[in-house]
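# Notes for the structure review
Take a look at the letters that make up each chain.
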Amino acid sequence: MEFTAKQIAQFVQGKIEGDENVTVHTFAKIEDSVPGAISFLANPKYTHYIYDTQSSIVLVDDTLELEKPVKTTLIRVQNARDCVAKLLQLYESSKPKKTGIDSLAFISPKAKIGQNVYIGAFAYIGDDVEIGDGSQIYPHATVYDRVTIGADCRIYPNASIYHDCKLGNRVIVHSGAVIGADGFGFAPNGEGYDKIPQIGIVTVEDDVEIGANTCIDRSTMGSTYLRKGVKLDNLVQIAHNTDIGEHTVMSAQVGVAGSTKVGQWCMFGGQVGIAGHINIGNRVMLGAQSGAPSSIKDGQTLIGTPPMPQIPYFKSQAIFQKLPDLYHQLHTLQQEVEKLKNKQ
């Protein structure tokens, strides 16, 4: 599909500088520009690319000041990064959706399939499964018995959803993700470990996205929860009986131990570790590789293990690098003090 600069400017409420009739049919980074593409400029470090860009249209912030004329058509907006996200959503939604059920898929006769649903080859749909209108189940996905999937969901290849779990509307589950595997529950018996049955479920609310090879464990009893709008990157581990609050986002390799409650609008960087049976407040931000052994109150931005505010953390790291020299100085001072004592 092609869009003119005029159409794009109307959609993002921007101001055109250049040819309003120029058309684009694809996206490109400003440093990898090609004719017929739209790019965006939000980081000042990339400003020099705009003078030689081959992209037909570039979205820029309305505060951008140019040192010389440009050949491309500019669309000035309040926030170029936000606007390109909206355009990418528009572009994605304009693609035709797959529909129909492949003859090689297995669907239990007891399953209830909504309207305009796509089920790909070798997908498995178990007994009493319910799939809402417009959802897409890609090849080799597995949906076990009594699972409920809402409308307009996407379950990508090789994702597995275990029995009785519940997914809301517009949920995206990427390849290799597992929803509802047993929680890690074992009791030592002197000779080994007795498995504690995990009889609960996982509840995933509306507009959640779960990354590739991410695992959400079912609860021992009750439910593990991913609340509305949660976004999980690849290789995230959410243990049993956890409750992840609305619109919280987690980068790759985050691990949340069991029975922990995480608040709303939290942001966790890569490889953050959260201990079990604690509470993380709302709008808590944890830097990459932080470890939280205890509860954290609302609104804090922390880093490290245990987490601390950013400025003290970076000061501590600067001191840590000097520890060998400080140790040598301290050892020298101790020797001098001993010599002074011996002279007395």
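Keep in mind that this is a model prediction, so the values were computed, not measured. (Residues numbered from 1 in each chain as written. Predicted model: local features only at pLDDT ≥ 70, side-chain atom pairs only at ≥ 80, totals over all residues. Heavy atoms only, no water.)

### Some points on the overall build of the protein chain
Rules: Secondary structure counts use DSSP, requiring at least four H or I residues in a row for a helix and at least two E residues in a row for a strand, with both numbered from the N terminus. By definition, residues are in contact when any of their heavy atoms lie within 4.5 Å. Here Asp and Glu are counted as negative and Lys and Arg as positive; His is not counted, and neither are the chain ends. Here the site of a charge means NZ on Lys, CZ on Arg, CG on Asp, or CD on Glu.
Across its full length, the protein chain holds 4 helices and 40 strands. If one aligns the C-alpha atoms of the protein chain with their principal axes, the spans along those axes are about 95 × 70 × 30 Å. Considering only residue pairs separated by 6 or more positions, the protein chain has 17% of its internal contacts joining residues 24 or more positions apart. If you average the places of the 31 positive and of the 36 negative side-chain charges in the protein chain, the two averages end up 5 Å apart.

### Description of the nonpolar core
To keep things clear, this is the line we draw: We call a set of buried residues a nonpolar core when its members are Ala, Val, Leu, Ile, Met, Phe, Trp, Tyr or Cys and they connect through side-chain atoms within 4.5 Å of each other. Residue exposure (1.4 Å probe, protein chains only): buried if accessible area is under 20% of the type maximum, exposed if over 50%, otherwise partly exposed.
Core analysis: the biggest nonpolar cluster contains 49 residues, and Ile137, Ile149, Phe268 and Ile280 have the highest contact counts within it. When sequence neighbours within four positions are dropped, the list of residues in contact with Ile149 reads Glu130, Ile131, Gly132, Ser135, Ile137, Val143, Ile155, Ile161, Leu167 and Gly168. By size, the runner-up hydrophobic cluster in this structure holds 15 residues, among which are Ala5, Leu59, Ile75 and Val77.

### Section: the packing of helix H1 (residues 5-12) against helix H2 (residues 80-93)
Note the following rule: Only C-alpha atoms enter the line fits that serve as axes; for helices the fit covers just the stretch in contact. Angles between N-to-C directions range over 0 to 180 degrees. Roughly parallel refers to an angle under 35 degrees, roughly antiparallel to one over 145, roughly perpendicular to one between 65 and 115, and oblique to any angle outside these ranges. Note on convention: near helix rotated counterclockwise from far helix by under a right angle means a left-handed crossing. Clockwise means right-handed. In this classification, Asp, Glu, Lys and Arg are treated as charged, Ala, Val, Leu, Ile, Met, Phe, Trp, Tyr, Cys and Pro as nonpolar, and every other residue, Gly included, as polar.
In the contact formed by H1 and H2, the axes pass within 10 Å of each other and the chain directions differ by 115°. Taken together, the axes of H1 and H2 lie roughly perpendicular to each other. In this structure, H1 crosses over H2, and the sense of that crossing is right-handed. Contact residues: H1 offers Ile8, Phe11 and Val12, while H2 offers Cys83, Lys86, Leu87 and Leu90. The residue inventory of the contact of H1 with H2, partitioned by class, reads 6 nonpolar, no polar and 1 charged.

### Some details on the pairing of strand E27 (residues 223-226)
Defined as follows: Think of it this way: DSSP has to see at least two bridges between two strands before they count as a pair.
As defined by bridge partners, strand E24 (residues 201-204) adjoins E27 across 4 bridges and the pair is classed as parallel. Of the residues in E27, the one forming a bridge with Val202 is Thr224. Where E27 lies against strand E30 (residues 243-244), 2 bridges are found, and the strand directions are parallel. Bridge pairing in E30 places Leu226 opposite Ile244.

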